[in-house]
Amino acid sequence: MCENTNSDTEWIKWSERAFQSIYGFEFQGDSLLIARENLLASYCDYMEEKLNRHPTEKELINIAKIISWNLWQMDGLTCTIPYEEVVEPFKQVALFGLHEKEKKCLCIIKDWRARRIYTFQNLVNKGGN
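Now for a look at the structure at hand. The structure presented is a predicted model; accordingly, all values stated were derived computationally and were not measured.

Rules of the game
Residues numbered from 1 in each chain as written. Predicted model: local features only at pLDDT ≥ 70, side-chain atom pairs only at ≥ 80, totals over all residues. Heavy atoms only, no water. Helix = DSSP H or I, 4+ residues; strand = E, 2+ residues; numbered from the N terminus. Expected span 1.5 Å × (residues − 1). Contact = heavy atoms within 4.5 Å. Salt bridge = Lys/Arg side-chain N within 4 Å of Asp/Glu carboxyl O. Buried < 20%, exposed > 50% of the residue type's maximum accessible area, 1.4 Å probe, protein only. Core = buried A, V, L, I, M, F, W, Y, C linked by side-chain atoms within 4.5 Å. Phe/Tyr/Trp six-rings, centres within 6.5 Å; stacked < 30°, edge-to-face > 60°.

1. Re helix α1 (residues 8-20)
Working note: α-helix, 3.6 residues per turn, so residues spaced by three or four point in the same direction. For α1, built from 13 residues, the straight-helix expectation of 18 Å at 1.5 Å per residue is met to within 8% by its first-to-last C-alpha distance of 18 Å. The elements touched by buried residues of α1 are α2 (29-51) and α3 (57-70).

Pasting the structure below:
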């Protein structure tokens, strides 16, 4: 990205787009915090290298907002926040699906270009469409 931009404004625009394209989830909260910190530190390091300055408070808040949306805490088996739903190893399957489904606290993510919010489970079930 650094070699393909000519101005500070262009570099900031494309670095934001790059961060908007990174998605990930983590079960453990402490590991999630470390991942978010590392992405923010990388942004600062690359800005210092390319633009010879530190990010402004506004730039840091903007990137931190993107990072906090795009890296979230989730149980990958249930697509819910960790410990929201207990996974039973031997669960009786209901005949004809007569049991009512419980409401879950599903994880949401943001499509930055479309400016829409989706549940992660819906994107997985629909193949990202």
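2. Quick word on the pattern of salt bridges
Evaluation of the coordinates by the stated rule reveals two salt bridges. For Asp8, the salt bridge goes to Arg53, with nearest N and O atoms at 3.9 Å. On the criterion of sequence distance, the pair formed by Asp8 in helix α1 and Arg53 in the loop between α2 and α3 is long-range, its members being 45 residues apart. Overall, the relative accessible area of 24% leaves Arg53 in the partly exposed class. Across the pair Glu59 and Arg53 runs a salt bridge whose closest N-O atoms are separated by 2.9 Å. For Glu59, a relative accessible area of 13% gives the class buried. The network of salt bridges with shared partners includes Asp8, Arg53 and Glu59.

3. Brief notes about the nonpolar core
Among the nonpolar cores identified, the biggest contains 13 residues, and Trp11, Ile12, Phe19, Tyr43, Met47 and Ile63 are the most heavily contacted of them. The set of elements that each furnish at least two residues to this core consists of α1, α2 and α3. The next biggest cluster of nonpolar side chains, apart from the first, holds seven residues, and it includes Trp72, Cys107, Ile109 and Phe120.

4. Remarks on the packing of aromatic side chains
For any pair of aromatic rings, the description consists of the separation of the ring centres together with the inter-plane angle of the planes. Evaluation of the coordinates by the stated rule reveals six aromatic pairs. Both rings, one in Phe25 and one in Trp72, keep their centres 6.1 Å apart while their planes meet at 40°; by these two values the pair is tilted. Separated by 47 residues along the polypeptide, Phe25 in strand β1 (residues 24-26) and Trp72 in strand β2 (residues 71-73) bring together distant segments of the chain. Residue Phe25 is classed as partly exposed on the basis of its relative accessible area, which comes to 39%. Clustering of aromatic rings is evident, with ring pairs tying together Trp11, Phe19 and Tyr43.

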